[in-house]
Amino acid sequence: ELPTAYDMGINYQASPILVENFLAASNRLEQVAKERLPSNLTFKPQKRLHMSLAYLCCLRRNETDWVREILHEWVAEQRPFDFTVQFDRLQCWHKGHNSITNIIVADEATQKTVMRMVHSLYDKMKQQYHIPLSFESLRENQMPIHMTLAGLHYEGDNDDIRPVIPAVHQVISELDHVYGGSWTGSGPMRVTHDPKHSAKGVWHAGPRPKKS
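First, a word on what this report is: a plain description of the structure on this page. (Residues numbered from 1 in each chain as written. Predicted model: local features only at pLDDT ≥ 70, side-chain atom pairs only at ≥ 80, totals over all residues. Heavy atoms only, no water.)

**Considerations on the packing of aromatic side chains**
By convention here, two paired aromatic rings are described through the distance between centres and the angle between planes.
Here's step 1: The full count for this structure, using the stated rule, is 1 aromatic pair.
Here's step 2: Measuring from centroid to centroid gives 5.2 Å for Tyr 179 and Trp 183, while their planes differ by 25°, and the two rings are stacked. (Phe/Tyr/Trp six-rings, centres within 6.5 Å; stacked < 30°, edge-to-face > 60°.)

And the structure:
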């Protein structure tokens, strides 16, 4: 089993109001979790505010690093980006038998905009480089477009988190009532500037996929 590979090389500056609301909601969730949820339930804050474009799983070792290069090539073709992002609700997802992920979900317009970008990337991978995508890799079969606010989990692998899901859902609903629809202020956040790439060496385990 291969470790998960994360590409953190594309960065944008978020609006101050989004950062303020994100931190306030995270702090409030931690406080309420300590007051109302089991004491052995661990709160895991999100260290980096981000919104993921795609989760590509089930790739061969010799495909993973090439996909990163293809992604950077796709970014160069797409830029400068110009789109708006709005978040409208909080949700809790039963991620594993001992964990829950609490996410800030993008609104319907943002879902459609970002999904068009996702499928543009998919098309490049499949049509130009002939890299197949598994059912699990398709964004439609995963979580909606979102930012992760924080996680809740038991340290023990044998602990079942399902009994506390209703209580977590109630806490998230209360937070959603406070912040829902106003994460970015009175209107959506516009992304208009060029992304920056991190300089990081890449090791390739196989030949570059042939481009059509």
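Let us keep going from here.
**A short note on the packing of helix α1 (residues 16–36) against helix α4 (residues 165–179)**
Here's step 1: Between α1 and α4, the least distance of the axes is 11 Å, while the angle of their chain directions is 150°. With respect to α4, the element α1 is oriented roughly antiparallel. Pair α1 / α4 crosses with right-handed handedness. Contacts from Asn 21, Ala 24, Ala 25, Arg 28, Leu 29, Val 32 and Arg 36 of α1 reach α4 at Gln 170, Val 171, Ile 172, Glu 174, Leu 175 and Tyr 179. (Axes fitted to C-alpha atoms, helices over the stretch in contact; angles between N-to-C directions. Helix = DSSP H or I, 4+ residues; strand = E, 2+ residues; numbered from the N terminus. Parallel < 35°, antiparallel > 145°, perpendicular 65-115°, else oblique. Left-handed = near helix turned anticlockwise from the far one by under 90°. Contact = heavy atoms within 4.5 Å.)

**Examining the side chain of Gln 111**
Here's step 1: Considering the arrangement of structural elements, one finds Gln 111 in helix α3 (residues 108–128).
Here's step 2: Not counting residues up to four positions away in its chain, the partners in contact with Gln 111 are Val 105, Ala 106, Pro 144 and Ile 145.

**Side note on the environment of His 50**
Here's step 1: Looking at the element boundaries, His 50 is found in the loop between β1 (41–45) and α2 (61–78).
Here's step 2: Using a relative accessible area of 29% as the deciding quantity, one classes His 50 as partly exposed.
Here's step 3: Separated by 97 residues in sequence, His 50 and Met 147 have C-alpha atoms that sit 5.8 Å apart.
Here's step 4: Polar contacts involving the side chain of His 50 include one to the main-chain carbonyl oxygen of Arg 48, which spans 2.8 Å. (Buried < 20%, exposed > 50% of the residue type's maximum accessible area, 1.4 Å probe, protein only. Polar contact = N/O pair within 3.5 Å; in protein donor to acceptor, adjacent residues only side chain to side chain.)

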